Amino acid sequence: CNNPLNNAIMGIVRVINKEYADSRLNVTDLIKSSDYAEDYLREGFKKQTGLTPIGFLHKVRVEHAKTLLDIYGKSQSIAEIAAACGYDDVVYFSKRFKAYVGVSPEFYRNRKEK
């Protein structure tokens, strides 16, 4: 569907996919920069992606964190990986990671050694 709402949603998806590592990325600001009412755009976003805009941002960040944990293993700290994925707070990062993956970043990283 090539309609203006979908274009606005895909624009937000593109920005999130490109700038997820910036801890200052603010989803509410992205939504407000569209020409749509916040609630309307959030509803459309959820219908189109299956996630809220902030949920989508966390998913992108956590998927990237999983990749970094797989690539770098123990050569990067959890805090470094959190920062590389846009999280300034390692505790918050760990909570978001566990919410999506089901295990802590530390457990995820160590799972291969078993």
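Above this note sits the structure.
Residues numbered from 1 in each chain as written. Predicted model: local features only at pLDDT ≥ 70, side-chain atom pairs only at ≥ 80, totals over all residues. Heavy atoms only, no water.

**Describing the overall build of the protein chain**
Turning to step 1, where the next piece is worked out: The helix and strand tally for the protein chain stands at seven helices and zero strands.
Turning to step 2, where the next piece is worked out: Along its sequence from the N terminus, the protein chain presents helices and strands in the succession α-α-α-α-α-α-α.
Turning to step 3, where the next piece is worked out: With respect to the three principal axes, the spread of C-alpha positions in the protein chain is 50 × 25 × 20 Å.
Turning to step 4, where the next piece is worked out: Taking all 114 residues of the protein chain together, 35% fall into the buried category.
Turning to step 5, where the next piece is worked out: If you take every contact in the protein chain between residues at least 6 apart in sequence, the share linking residues at least 24 apart comes to 61%.
Turning to step 6, where the next piece is worked out: If you sum the accessible surface of the protein chain, you get close to 6800 Å²; carbon and sulfur atoms cover 52% of it. (Helix = DSSP H or I, 4+ residues; strand = E, 2+ residues; numbered from the N terminus. Buried < 20%, exposed > 50% of the residue type's maximum accessible area, 1.4 Å probe, protein only. Contact = heavy atoms within 4.5 Å. Areas by Shrake-Rupley, 256 points an atom, 1.4 Å probe, with all protein chains shown as cover.)

**Digging into the packing of helix 1 (residues 4-19) against helix 4 (residues 53-72)**
Turning to step 1, where the next piece is worked out: Interaxial distance between helix 1 and helix 4 falls to 10 Å at its minimum, and their mutual angle equals 30°. Judged by the twist between their axes, the crossing of helix 1 over helix 4 is right-handed. Here Val13, Ile16 and Asn17 of helix 1 lie close against helix 4, whose contacting residues are Pro53, Phe56, Leu57 and Val60.
Turning to step 2, where the next piece is worked out: Within the contact of helix 1 with helix 4, the residues separate by chemical class into six nonpolar, one polar and no charged. (Axes fitted to C-alpha atoms, helices over the stretch in contact; angles between N-to-C directions. Left-handed = near helix turned anticlockwise from the far one by under 90°. Nonpolar A, V, L, I, M, F, W, Y, C, P; charged D, E, K, R; others polar.)

**Quick look at the nonpolar core**
Turning to step 1, where the next piece is worked out: Ranked by size, the top nonpolar core spans 16 residues in total, and within it Ile12, Ile16, Leu41, Phe45, Phe56 and Leu57 carry the most contacts.
Turning to step 2, where the next piece is worked out: Considering each element in turn, this core owes the most residues, six residues, to helix 1.
Turning to step 3, where the next piece is worked out: Not counting residues up to four positions away in its chain, the partners in contact with Phe56 are Val13, Ile16, Asn17, Phe45, Thr49 and Leu51.
Turning to step 4, where the next piece is worked out: Within the second largest apolar cluster, 12 residues are counted, among which are Ala65, Leu69, Ile81 and Cys85. (Core = buried A, V, L, I, M, F, W, Y, C linked by side-chain atoms within 4.5 Å.)

**A closer look at the packing of aromatic side chains**
Turning to step 1, where the next piece is worked out: What the rule picks out here adds up to six aromatic pairs.
Turning to step 2, where the next piece is worked out: The interplanar angle of 75° and the centroid separation of 5.7 Å between the aromatic rings of Phe45 and Phe56 together place this pair among those described as edge-to-face. One end of the pair, Phe45, is in helix 3 (residues 38-49); the other, Phe56, is in helix 4, with 11 residues separating them in the sequence. Phe56 matches Phe45 in its accessibility class, with the two residues each being buried.
Turning to step 3, where the next piece is worked out: Three or more aromatic residues joined by ring pairs form one cluster here, namely Tyr87, Tyr92, Phe93, Phe97 and Tyr108.
Turning to step 4, where the next piece is worked out: Taking NZ or CZ as reference, Arg61 lies 5.2 Å from the ring centre of Tyr87, over its face. (Phe/Tyr/Trp six-rings, centres within 6.5 Å; stacked < 30°, edge-to-face > 60°. Lys NZ or Arg CZ within 6 Å of the ring centre and 35° of its normal.)

**Comments concerning the pattern of salt bridges**
Turning to step 1, where the next piece is worked out: Inspection of every chain in the model, using the stated rule, returns six salt bridges.
Turning to step 2, where the next piece is worked out: When the shortest N-O distance is used, the salt bridge between Glu38 and Arg42 registers 3.2 Å. Here Glu38 pairs with Arg42, and both are found in helix 3, just four residues apart, close to one helical turn.
Turning to step 3, where the next piece is worked out: We classify Arg42 as partly exposed; its relative accessible area is 25%.
Turning to step 4, where the next piece is worked out: One salt bridge connects Arg111 with Asp70, and the closest N-O pair in it is separated by 3.0 Å. (Salt bridge = Lys/Arg side-chain N within 4 Å of Asp/Glu carboxyl O.)

**Description of the environment of Ile81**
Turning to step 1, where the next piece is worked out: For Ile81, the position within the fold is in helix 5 (residues 78-84).
Turning to step 2, where the next piece is worked out: The spacing of Ile81 and Phe93 is 12 residues in sequence and 9.4 Å in space, taken between C-alpha atoms.
Turning to step 3, where the next piece is worked out: In contact with Ile81, other than residues within four places in its own chain, are Ala65, Leu68, Leu69, Gln76 and Phe93.

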